[in-house]
Amino acid sequence: MGGPAPFSEIGRRARDLLTRDYNYDQKISISIPSATGMGLTATGIKKDDIFVGDISTQYQTGNTIVDVKVDTYSNVSTKVTLRNVFSSTNVAFSFNIPDHKSGKLDVQYLHPHVAINSSIGLNPSPLLEFSGAIGLDELALGGEIGFDTASSSFTKYNAGISFNKPDFSAALILTDKGQTLKASYVHSVNPLSGNEVAAEMTHRFSTYENSFSIGSSHRIDPITAVKTRFSDNGKVALLCQREWRPKSLVTLSAEYDTKSTKAAPKLGLAVALKP
């Protein structure tokens with residue numbers, strides 16, 4: 001179905017190129033799919049000499065999807081999604097154990113000209129969130145708000161507009177309750193090889209500060225990709241990702257602060273295994 005993507009997707013193409021898969025810790029992820037509709041994923045990360053992780057499983061039958069995750073501290077997160085409950089409408093119910101006040105109901109409605117997401121906490125003083133986008137595949141205008149009934153205050157109100165074409169995407173987002181303006185652009189230099197460049201500029205109205213990041217993505221061969229990023233704060237980042245078997249990835253990341261001569265470069269390794 002055509003139509004605008006949800007508000008959270010505005011500017012995502014540039015954000016993914018500039019930030020996705022960069023990791024400066026030791027991380028491993030193992031996924032075990034199943035033909036019966038149940039899959040298992042284990043993820044672990046070592047950070048500051050502490051190793052934490054979680055195990056998640058997903059079971060799908062018909063239009064129902066059940067996700068369960070258990071982390072290192074025995075916290076259990078559960079989400080049940082019902083797809084197409086009504087025409088173009090998905091409903092999800094989630095909660096955490098032992099937090100009995102964590103229940104949440106999410107409703108998503110997708111239409112050829114409208115995309116709506118709403119969320120309400122299932123407790124006496126719920127947090128209400130609503131986001132919507134109108135437009136077409138190429139042009140979308142949207143916004144989001146969050147309201148905390150406990151304090152009777154808005155937690156967020158943001159707006160954005162995006163223009164998308166197969167070879168480029170541009171977005172303008174007003175965030176931080178109207179205090180920050182972000183403009184992003186990504187351009188496909190060579191669609192056949194997957195080479196892209198992206199830039200994001202940020203202006204903060206309260207402090208009159210400006211910042212920017214520029215980056216690129218290069219497909220060396222069908223199974224190897226390299227990404228670069230440079231920010232105005234002097235930090236330079238490099239990522240190399242190789243698909244050594246179908247859907248199994250090894251990712252090396254590095255970041256160096258050129259303005260801090262005493263700081264050592266940050267290095268990270270992520271391994272994703274999928275049979």
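Small disclaimer: the values here were computed from a predicted structure and weren't measured.

A. Region of interest: helix α1 (residues 12-19). Taken residue by residue, α1 has A14, L17 and L18 as its buried positions. In a view along the axis of α1, the buried residues occupy a sector of 95°, so they form one face of it. Buried positions along α1 lie against β13 (180-190), β14 (195-204), β15 (209-221) and β16 (224-231). The positive-phi residue at the C-terminal boundary of α1 is D21, with phi of around 75°.

B. How the structure looks around a nonpolar patch on the surface. Taken together, the side chains of I28, I30, I32, L40, F51 and I55 define a hydrophobic patch exposed on the protein surface, amounting to about 520 Å² of accessible area. Where the nonpolar patch is concerned, the elements lending two or more residues are β1 (26-32) and β3 (50-61). The element best represented in the nonpolar patch is β1, accounting for 3 residues. Of note, I28 is situated in strand β1.

C. Region of the structure containing unusual backbone geometry. Of note, the bond from I97 into P98 is cis; its omega dihedral lies within 30 degrees of zero at 20°. Of note, P98 is situated in the loop between β6 (89-97) and β7 (104-110). For S74, which is not glycine, the phi torsion reads 65° and is therefore positive. For S74, the location among the structural elements is in the loop between β4 (64-71) and β5 (76-86).

D. Representation of empty space enclosed by the protein within the structure. Applying the stated rule across the entire model yields 1 cavity of 30 Å³ or more. Roughly 30 Å³ of internal volume is contained in the largest cavity. Taken together, G11, R15, I173, K182, A183, S184 and E200 form the lining of the largest cavity. The dominant element in the lining of the largest cavity, judged by the number of residues it contributes, is β13, at 3 residues. Tallied by class, residues from the lining of the largest cavity come to 2 nonpolar, 2 polar and 3 charged.

E. Broad picture of the packing of aromatic side chains. One pass over the full model with this rule turns up 5 aromatic pairs. Pairing F147 with F154 gives two aromatic rings, centres 5.2 Å apart and planes at 65°, and the pair type is edge-to-face. Judged by its relative accessible area of 42%, F154 falls in the partly exposed class. Look at F163 and F168: their rings are 5.8 Å apart centre to centre, the planes differ by 45°, and that puts the pair in the tilted class. Counting every residue linked through ring pairs, the aromatic cluster contains F147, F154 and Y157. The lysine or arginine in question, R229, covers the ring of Y22, its NZ or CZ lying 4.4 Å from the ring centre.

F. Just the layout of surface pockets, in detail. Within this model, the largest pocket holds a volume of roughly 690 Å³. Around the largest pocket, the lining is made up of 23 residues, and of these R20, D21, K227, Q241 and L249 lie nearest the centre. The set of elements that each furnish at least two residues to the lining of the largest pocket consists of α1, β1, β15, β16, β17 (235-245), β18 (248-257) and β19 (266-273). Taken together, the residues of the lining of the largest pocket break down into 8 nonpolar, 7 polar and 8 charged.

G. View of the pattern of salt bridges. As enumerated under the stated definition, the model contains 8 salt bridges in all. For D16, the salt bridge goes to R12, with nearest N and O atoms at 3.5 Å. Of this pair, D16 and R12 both sit in helix α1, 4 residues apart, which is roughly one turn of that helix. Since its relative accessible area comes to 24%, D16 is described here as partly exposed. A salt bridge links K156 to E129; its shortest N-O distance comes to 3.6 Å. A residue pair is termed long-range when its members are at least 10 positions apart, and K156 in strand β11 (residues 153-165) and E129 in strand β9 (residues 127-135) qualify at 27 residues. By sharing partners, the salt bridges in this structure join E9, R12 and D16 into a single network.

Calculation rules
- Each chain carries its own residue numbering, running from 1 in the written order of its sequence.
- Two thresholds apply to this predicted model, a pLDDT of at least 70 for residue-level local features and 80 or more for giving and counting side-chain atom pairs, whereas whole-chain, interface and lining totals are computed over all residues.
- The side-chain values count all of the structure's non-hydrogen atoms but skip hydrogen atoms and water molecules.
- To sort residues, take the accessible area from a 1.4 Å probe on protein chains only and compare it with the maximum for the residue type: under 20% means buried, over 50% means exposed, and anything in between is partly exposed.
- Only runs of H or I of at least four residues qualify as helices and only runs of E of at least two qualify as strands under DSSP, and these elements are numbered from the N terminus.
- To obtain the arc, one takes the directions from the helix axis to the C-beta atoms.
- The contact criterion used throughout is that any non-hydrogen atoms of two residues lie within 4.5 Å.
- Any residue with relative accessible area above 30% and no salt bridge may belong to a patch, with like charges joined within 9 Å and the nonpolar Val, Leu, Ile, Met, Phe, Trp and Tyr side chains within 5 Å.
- Accessible surface area values rest on a Shrake-Rupley calculation with a 1.4 Å probe, where residue burial reflects the displayed protein chains alone.
- For this document, the term salt bridge refers to a Lys or Arg side-chain nitrogen within 4 Å of an Asp or Glu carboxyl oxygen.
- Here a cavity denotes grid points, spaced 1 Å and computed from the protein atoms alone, that fit a 1.4 Å probe unable to get out, and a pocket denotes an open set having protein on both sides within 12 Å along at least 5 of 7 lines; residues with an atom within 4 Å of a point are the lining.
- Grid points are joined across faces, edges and corners, and a volume is the space filled by probe spheres set on the points.
- Under the scheme applied here, ten amino acids are nonpolar (Ala, Val, Leu, Ile, Met, Phe, Trp, Tyr, Cys and Pro), four are charged (Asp, Glu, Lys and Arg), and all others, including Gly, are polar.
- Stacked, tilted and edge-to-face are the three classes applied to pairs of Phe, Tyr and Trp rings, where Trp contributes its six-membered ring and a pair requires centres within 6.5 Å; stacked means planes under 30 degrees apart, edge-to-face means over 60, and tilted covers the rest.
- In our convention, an over-ring charge means Lys NZ or Arg CZ found within 6 Å of a ring centre and within 35 degrees of that ring's normal.

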